Amino acid sequence: MRETPYGQKEAPLLKGGRWWFALLCIGLSACTRGEPVGLPAGTVFCSGPKHLSETALDQGKLRRVLQPPPIPGAQWLSPAENKPAPYGAFPVAGITSHHLLVSWYIDRFFADLKELRKKPAPPIHTFIVVSPKHFMQGKEPIALSKVPWETGLGRVTVNLSLAEGIRTSLGIPWDPDSFAGEHGIGIPVAFMTKHFPRARMVPIVLTTPSFRMANLTTLAETIGREMARDPGIFLLISSDFSHQGNLELTQQRDAQSREALTYLTPARALKVCCDNNAGMILLSLVLEQLQRGKSVIAAHTSGYEVVGITEDITSYFFCYF
């Protein structure tokens, strides 16, 4: 992968040009003629346009969703054990990772969320999933797609009325090209499908270096208004935290992020060290509208704790708001 001036990764060019990109995007605009092989028996693919998660293409990655490998020494603070919860009767938003290295934590995040949103709490019917843009593709700094996602566990459809309302409020076109191979959406949605098989979604990809605060504020106002009207909508921020640091630097950055995440406000969101800064600002603005912000940090870990690396470390927080 090549690094762009903004730290985003640009997919490598194969000899002969970008023909590989056209092949990858076939699923966005045409019926798929063939499906991946070697997936577990009973895996069902639907015809028609679709985005493909990594877990729909790779048996090993799908297995990490179905049976996340245990992590020795992993610690998790169940929000159910932390009563009264600082966020109120039930969580309306959360932060999870998009790295399969911490698949055990992602799985636990959704498993606990399922328990926390059982009756009398309103069930979740739609996840608004907000990812950073990892690849230089697409056109819009705030991108939406109405194309469903194939996860290997089933197809996740888009809540079209909600997505269209958000798109109209921003005055932007659909931008499915921003979503090709986007693991910031595909990975959490696979776990979402496992634990919330009937839920729909609204996928959003944000370009941090070029986002306009006015547009982000409009997006937050629209999402906050819809969430206040319909408590069955859950805002999910897909983010990993400190990147490419040694152990000392990672710990310093994570201490700063933890302080901000404990009670997230728009001012504190600017201090979160992560790969989805625009998503953190969006989350803080929505929480402010909903008169929330206090969180339960269910877990914090890093590549050091998981696999013992001491350089080029990525860290992770899992939170409910």
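Reading the values: the criteria
Residues numbered from 1 in each chain as written. Predicted model: local features only at pLDDT ≥ 70, side-chain atom pairs only at ≥ 80, totals over all residues. Heavy atoms only, no water. Core = buried A, V, L, I, M, F, W, Y, C linked by side-chain atoms within 4.5 Å. Buried < 20%, exposed > 50% of the residue type's maximum accessible area, 1.4 Å probe, protein only. Helix = DSSP H or I, 4+ residues; strand = E, 2+ residues; numbered from the N terminus. Contact = heavy atoms within 4.5 Å. Phe/Tyr/Trp six-rings, centres within 6.5 Å; stacked < 30°, edge-to-face > 60°. Salt bridge = Lys/Arg side-chain N within 4 Å of Asp/Glu carboxyl O. Pairing = 2+ DSSP bridges. Axes fitted to C-alpha atoms, helices over the stretch in contact; angles between N-to-C directions.

**Concerning the nonpolar core**
Here's step 1: Counting 45 residues, the largest nonpolar core has I128, I204, L219 and L261 as the members making the most contacts within it.
Here's step 2: Residue contributions to this core peak at eight residues, all from helix α10 (residues 277–289).
Here's step 3: Setting aside residues no more than four positions away along its own chain, L261 makes contact with I95, F241, V272, M280, G293, S295, I297, F317, C319 and F321.

**Points about the packing of aromatic side chains**
Here's step 1: All chains considered together, the criterion is met by ten aromatic pairs.
Here's step 2: Relative to F196, the ring of F127 lies with its centre 5.1 Å away and its plane at 70 degrees, an arrangement referred to as edge-to-face. Here F196 lies in the loop between α6 (183–195) and β9 (200–206) and F127 lies in strand β5 (residues 126–132), a separation of 69 residues in the sequence. Note on accessibility: F127 and F196 belong to one class, buried.

**A short note on unusual backbone geometry**
Here's step 1: With omega at 10 degrees, the peptide bond leading from K119 into P120 counts as cis.
Here's step 2: Here P120 lies in the loop between α4 (103–116) and β5.
Here's step 3: Of note in the backbone geometry, D312 takes a positive phi value of approximately 55 degrees without being a glycine.
Here's step 4: Its location among the elements puts D312 in the loop between α11 (303–307) and β12 (315–320).

**Here we look at the pattern of salt bridges**
Here's step 1: Under the definition given, this model contains six salt bridges.
Here's step 2: Here K61 makes a salt bridge to E54, at a shortest N to O gap of 2.7 Å.
Here's step 3: Using a relative accessible area of 28% as the deciding quantity, one classes K61 as partly exposed.
Here's step 4: On the basis of relative accessibility, which here comes to 25%, the residue E54 falls in the partly exposed class.
Here's step 5: The partner of D107 in a salt bridge is K194, with the nearest N and O atoms 2.8 Å apart. Taken together, the residues D107 in helix α4 and K194 in helix α6 connect sequence positions 87 residues apart.

**A look at the sheet that holds strand β8 (residues 155–156)**
Here's step 1: Strand order across the open sheet formed by three strands is β3-β7-β8, with mixed pairing between neighbours. The open sheet terminates on both sides in strands that have one partner only, identified here as β3 (51–52) and β8.
Here's step 2: Pairing of β3 with strand β7 (residues 149–150) involves two bridges; the strand directions are parallel. For L52, the partnering residue across the bridge sits in β7 and is E150.

**Description of the sheet that holds strand β4 (residues 93–96)**
The pairing of strands in a sheet comes from backbone hydrogen bonds and takes either a parallel or an antiparallel form.
Here's step 1: In space, the seven strands of this open sheet follow the order β6-β9-β5-β10-β4-β12-β11, with mixed pairing throughout. Both outer strands of the open sheet, β6 (142–144) and β11 (296–302), are each paired with one neighbouring strand and no more. Taken pair by pair, the neighbouring strands of this sheet meet at an average axis angle of 20 degrees, ignoring direction.
Here's step 2: Sheet topology note: the β5/β9 ladder contains seven bridges and is parallel. Across the sheet, the residue bridging to S131 is V205, located in β9.
Here's step 3: Contacts between helix α7 (residues 213–229) and the sheet are confined to β5, β6, β9 and β10 (233–238), with β9 contributing the most and set at about 165 degrees to the helix.

**A word on the pairing of β5**
Here's step 1: Most of β5 is tucked away, with seven of its seven residues classed as buried.
Here's step 2: Side chains of β5 alternate between two faces, with T126, I128, V130 and P132 and F127, V129 and S131 buried alike.
Here's step 3: One ladder, built from five bridges, connects β5 with β10; its direction is parallel. When the sheet's bridge partners are listed, I128 is paired in β10 with L235.

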